[in-house]
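Each chain, letter by letter, is given below.
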Amino acid sequence: MTLLRPDLAIIAREVKAGARALDVGCGDGALLAALRDEKQVDARGMELNRDNVAACVARGLSVIQGNADTDLSDYPDASFDYAILSQTLQTTARPDLVLDQLLRIGRQAFVSFPNFAQWRIRWALMFGGTMPITKQLPDRWYDTPNIHHVTIDDFRSFIAERGVRIDGQWFLRGEKLISAGAANLRAQHAVFLLSR
Amino acid sequence: MSDDLRFGLNRKVSLPGPLALDGGGSLAPVEIAYETYGTLNADASNAILLCHALTGDQHVASNHPITGKPGWWTRMVGPGCPVDTDRFFVVCPNVIGSCMGSSGPESLAADGQPYAMRFPVITIRDMVRAQAMLLDHLGIGRLYAAVGGSMGGMQALTWAATYPTRVASAVVIASTARHSAQNIAFHEVGRQAIMADPNWRGGDYYHDGKTPDAGLAVARMAAHITYLSEQGLTEKFGRRLQDRQAKTFGFDADFQVESYLRHQGLTFTDRFDANSYLYITRAMDYFDLAEEHGGHLANAFRGAGTRFCLVSFDTDWLYPTSESKNIVHALNAAGAPVSFVELSAPFGHDSFLLDVPELNRVVDGFLKAGGQ
């Protein structure tokens, strides 16, 4: 794989060859290109940012300009093997409704997000008294796209309440995979594979 | 290949037909004027069909025989361009109903007189079926791509819906799957302007050289406004006066924008036939791809193996982004591979013909990704 962001590298590794996948919030299409080129995946994307969409199409990817909050309802049920939402959940207006859509469109859904309960963030908030600015959350409170900060424990109970099954989970500190032990305190990012 | 008279600039073929028309009648023979660029490869797998817009023609990348101006899409079609004529074999036919050599109201009917209003009313799908006959004649079974903006986009969509196995990919720019009430309304203004011209005479004006130029010019002026954006008009003309220091308190073209529109209307009459304008605008007004498929646009694309690329422009109020999104929704519902982007450009609907580098990059990338 070319240099994929660590959470994307995990997803790229786990997706089965030849599958159909929709990457919601696909950015510049790095994951889509990797899935297409290395796993022969029928990979489609949705992306809000016009420049990113143009860049994706210019590299030959099937990407449409759209909004995860409003445009996922266009896809038929179970039209993909995987619906992928990488580091986008926390930017949506209604993460609960977006998750419902992901699990409707995809037989399985990959969801990755930055963990707001990682100890450095707790430390910054507790002792700094200001909204944390870290390497994985570099934006200030007023210009961050992250409007629904979430922790791993929040996410787990959110999933449990909805009767959603966890088919896989991976935790990252920087580029390193770490164990699930005390992940809510230790992990900077989490990747979940979910199904109904 | 070069000595094959079917290929090259300024080609014209008379196909025996008959072409059965959506309106019930038929057309025979079917004359099609067209141009080709580049070389068709041995297995005829590199052909791109370029579909022109309402007042466009086959001179996509060659000088226009009447105006002497360069082709209408030289920034997109040519060696090294997104539609790369070093790599692709490009066919650009003049649509039937037009006046640039293909069968239209100006053509002679069996009695040796011009059809005029006896020419059958045609549809976008009739235009496409005629193009398919041309491709048969040229030995092209399956297109690498069908590409078009505006009415050309309607044809590209119709290609995918009508001949799903004959078109590997479709590029649909600044277009729509159906004409809206507003689209029809503007066209009706144009048609009524032509018909109100005393020279129109029920369309029977070919014999004495007195053509309904005033009506056609007004039609073009009204339509031209819809091709631009308010922002574009304001930036280009504002309220500036034309070659004068003060208002004349008369009805001369005081404002630059008036002078510009009058010029657009006038020069249009040099190269376009009023009856053709009636027929082609009618074909566009009748266009409703969903209606042709049981009212569900997605049905038009079900099972199609075609890849789609749709582009809209943020300042296009003639075929706004919502129309492209409507098509994207249907394509998603049908499971078709589709790319879509709304580009930002100041030129309104005409953006697809003008300098929008991002459009070139998108089309280039999409075509390079292949027409498997």
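These numbers were taken from a predicted model, which means no experiment stands behind them. (Residues numbered from 1 in each chain as written. Chains lettered and ligands numbered in written order. Predicted model: local features only at pLDDT ≥ 70, side-chain atom pairs only at ≥ 80, totals over all residues. Heavy atoms only, no water.)

**So, the overall build of chain A**
Assigned secondary structure in chain A consists of seven helices and eight strands. Its C-alpha atoms give chain A a radius of gyration of 16 Å, near enough to 16 Å, the size a compact globule of 196 residues would have. Taken along its principal axes, the extent of the C-alpha atoms in chain A is 45 × 35 × 30 Å. For chain A, the proportion of contacts with a sequence separation of at least 24, taken over those separated by at least 6, is 64%. When the accessible surface of chain A is totalled, it reaches about 9,000 Å², and 53% of it is carbon and sulfur. The centroid of the 23 positive side-chain charges in chain A is displaced by 6 Å from the centroid of its 23 negative side-chain charges. (Helix = DSSP H or I, 4+ residues; strand = E, 2+ residues; numbered from the N terminus. Rg over C-alpha atoms; globule rule 2.2 N^0.38 Å. Contact = heavy atoms within 4.5 Å. Areas by Shrake-Rupley, 256 points an atom, 1.4 Å probe, with all protein chains shown as cover. Lys, Arg positive; Asp, Glu negative; His and termini not counted. Charge placed at Lys NZ, Arg CZ, Asp CG, Glu CD.)

**Some details on the packing of helix 3 (residues 181-196) of chain B against helix 7 (residues 274-286) of chain B**
Residue and element names in this part refer to chain B. Put simply, helix 3 and helix 7 touch, their axes get as near as 10 Å, and they point 160° apart. Of the possible angle classes, the one that applies to helix 3 and helix 7 is roughly antiparallel. Considering how the two elements wind past one another, helix 3 and helix 7 form a crossing that is left-handed. From helix 3, Asn183, Ile184, His187, Arg191, Ile194 and Met195 reach across to helix 7, where they touch Ala274, Tyr277, Leu278, Thr281, Arg282, Met284 and Asp285. The residue makeup of the contact of helix 3 with helix 7, split by class, is seven nonpolar, three polar and three charged. (Axes fitted to C-alpha atoms, helices over the stretch in contact; angles between N-to-C directions. Parallel < 35°, antiparallel > 145°, perpendicular 65-115°, else oblique. Left-handed = near helix turned anticlockwise from the far one by under 90°. Nonpolar A, V, L, I, M, F, W, Y, C, P; charged D, E, K, R; others polar.)

**Some points on the pattern of salt bridges**
Residues and elements named next belong to chain B. Enumeration over the complete set of coordinates arrives at 32 salt bridges over all chains. For aspartate 254, the salt bridge is made with arginine 244, and the minimal N-O distance between the two is 2.7 Å. Taken as a pair, aspartate 254 in the loop between helix 5 (230-236) and helix 6 (256-271) and arginine 244 in the loop between helix 5 and helix 6 lie far apart in primary sequence, 10 residues in all. Taking the relative accessible area as the measure of exposure, aspartate 254 reaches 6% and is therefore buried. (Salt bridge = Lys/Arg side-chain N within 4 Å of Asp/Glu carboxyl O. Buried < 20%, exposed > 50% of the residue type's maximum accessible area, 1.4 Å probe, protein only.)

**A short note on the nonpolar core**
Counting 115 residues, the largest nonpolar core has Leu72 and Phe155 of chain A together with Trp159 and Phe308 of chain B as the members making the most contacts within it. Per-element accounting of this core gives the leading share, nine residues, to helix 1 (residues 124-138) of chain B. Filtering out sequence-adjacent residues up to four positions away, phenylalanine 155 of chain A remains in contact with Leu89, Val111, Phe113, Val150, Phe192 and Leu194 of chain A. In this structure, Cys26 and Phe110 of chain A together with Val90 and Val356 of chain B belong to the second largest nonpolar core, which totals 61 residues. (Core = buried A, V, L, I, M, F, W, Y, C linked by side-chain atoms within 4.5 Å.)

**Regarding the environment of valine 172 of chain B**
Residue and element names in this part refer to chain B. Note on placement: valine 172 falls in strand 10 (residues 169-173). When its relative accessible area of 1% is taken as the criterion, valine 172 is described as buried. Distance from valine 172 to phenylalanine 340, taken between C-alpha atoms, is 9.5 Å for residues 168 residues apart in sequence. In this structure, valine 172 is in contact with Gly148, Gly153, Ala156, Leu157, Cys309, Leu310 and Val311, ignoring residues within four places of it in sequence.

**So, the confidence of the model for chain B**
Averaged over every residue, the pLDDT of chain B is 95; the share at 70 or more is 99%. For this predicted complex, the interface confidence reaches an ipTM of 0.86, while the overall pTM sits at 0.93. (pLDDT = per-residue confidence, 0-100.)

**Thoughts on the state of the cysteines**
This model, assessed by the stated rule, comprises zero disulfides over all chains. Cysteine 26 of chain A takes part in no disulfide bond, and the closest cysteine sulfur to it belongs to cysteine 56 of chain A, at a distance of 4.2 Å. The cysteine cysteine 99 of chain B is free of any disulfide, with cysteine 92 of chain B supplying the nearest cysteine sulfur at 14 Å. (Disulfide = S-S within 2.5 Å.)

**Here's the deal with a positive patch on the surface**
Residues and elements named next belong to chain A. Residues Arg120, Lys135, Arg173 and Lys176 make up a contiguous surface patch of positive charge. Relative to the helices and strands, lysine 176 resides in strand 7 (residues 176-178). Judged by relative accessible area, lysine 176 falls into the exposed class, the value being 57%. (Patch = residues over 30% accessible without salt bridge, like charges linked within 9 Å, V, L, I, M, F, W, Y side chains within 5 Å.)

**Considerations on helix 6 of chain B**
Residue and element names in this part refer to chain B. If you check helix 6, its first and last C-alpha atoms are 23 Å apart, about what 16 residues at 1.5 Å a residue would give, namely 22 Å. Of the residues making up helix 6, those classed as buried are Tyr260, Leu261, Gln264, Gly265, Phe268, Thr269 and Arg271. Taken together, the buried residues of helix 6 touch helix 4 (213-227), helix 5 and helix 7. (Expected span 1.5 Å × (residues − 1).)

**Structural notes on the pairing of strand 1 (residues 20-24) of chain A**
All names here are of chain A. Burial analysis of strand 1 places four of its five residues in the buried class, which makes it a mostly covered element. Direction of pairing for strand 1 relative to strand 2 (residues 42-47): parallel, over a ladder of five bridges. Opposite aspartate 23, over in strand 2, you have glycine 45 as the bridge partner. The β-α-β motif built from strand 1, the intervening helix 2 (residues 30-39) and the parallel element strand 2 has right-handed crossover chirality. Examined bridge by bridge, strand 1 and strand 4 (residues 80-86) share four bridges and lie parallel to one another. Following the sheet pairing, alanine 21 is matched in strand 4 by tyrosine 82. (Pairing = 2+ DSSP bridges. Right-handed = clockwise from strand over helix to strand, strands pointing away.)

**Section: the packing of helix 4 of chain B against helix 6 of chain B**
Residues and elements named next belong to chain B. Contact geometry of helix 4 with helix 6 gives a least axis separation of 8 Å together with a crossing angle of 125°. It follows from the interaxial angle that helix 4 and helix 6 lie oblique. Both helix 4 and helix 6 take part in a crossing whose hand is right-handed. The segment helix 4 lies against helix 6, with Asp213, Leu216, Ala217, Arg220, Met221, His224 and Ile225 engaging Tyr260, Leu261, Arg262, Gln264, Gly265, Leu266, Phe268, Thr269 and Arg271. Tallied by class, the residues present in the contact of helix 4 with helix 6 amount to eight nonpolar, four polar and four charged.

**Examining the interface of chain B and chain A**
Tallying the contact residues gives 24 residues for chain B and 17 residues for chain A. The three residues of chain B that bury the most area against chain A are Asn332, Ser339 and Phe340 of chain B, which together make up 27% of that side's buried surface. There are 10 residue pairs in polar contact (both at pLDDT 80 or more) connecting chain B and chain A. Elements with a contribution of two residues or more to the side of chain B that touches chain A: strand 11 (307-313), helix 9 (321-333), strand 12 (338-343) and helix 10 (357-368) of chain B. The leading source of residues in the side of chain B that touches chain A is strand 12 of chain B, at six residues. Each residue belonging to the side of chain B that touches chain A can be placed in one class, and the counts come to 12 nonpolar, six polar and six charged. (Buried area = accessible area lost by both parts, 1.4 Å probe. Polar contact = N/O pair within 3.5 Å; in protein donor to acceptor, adjacent residues only side chain to side chain.)

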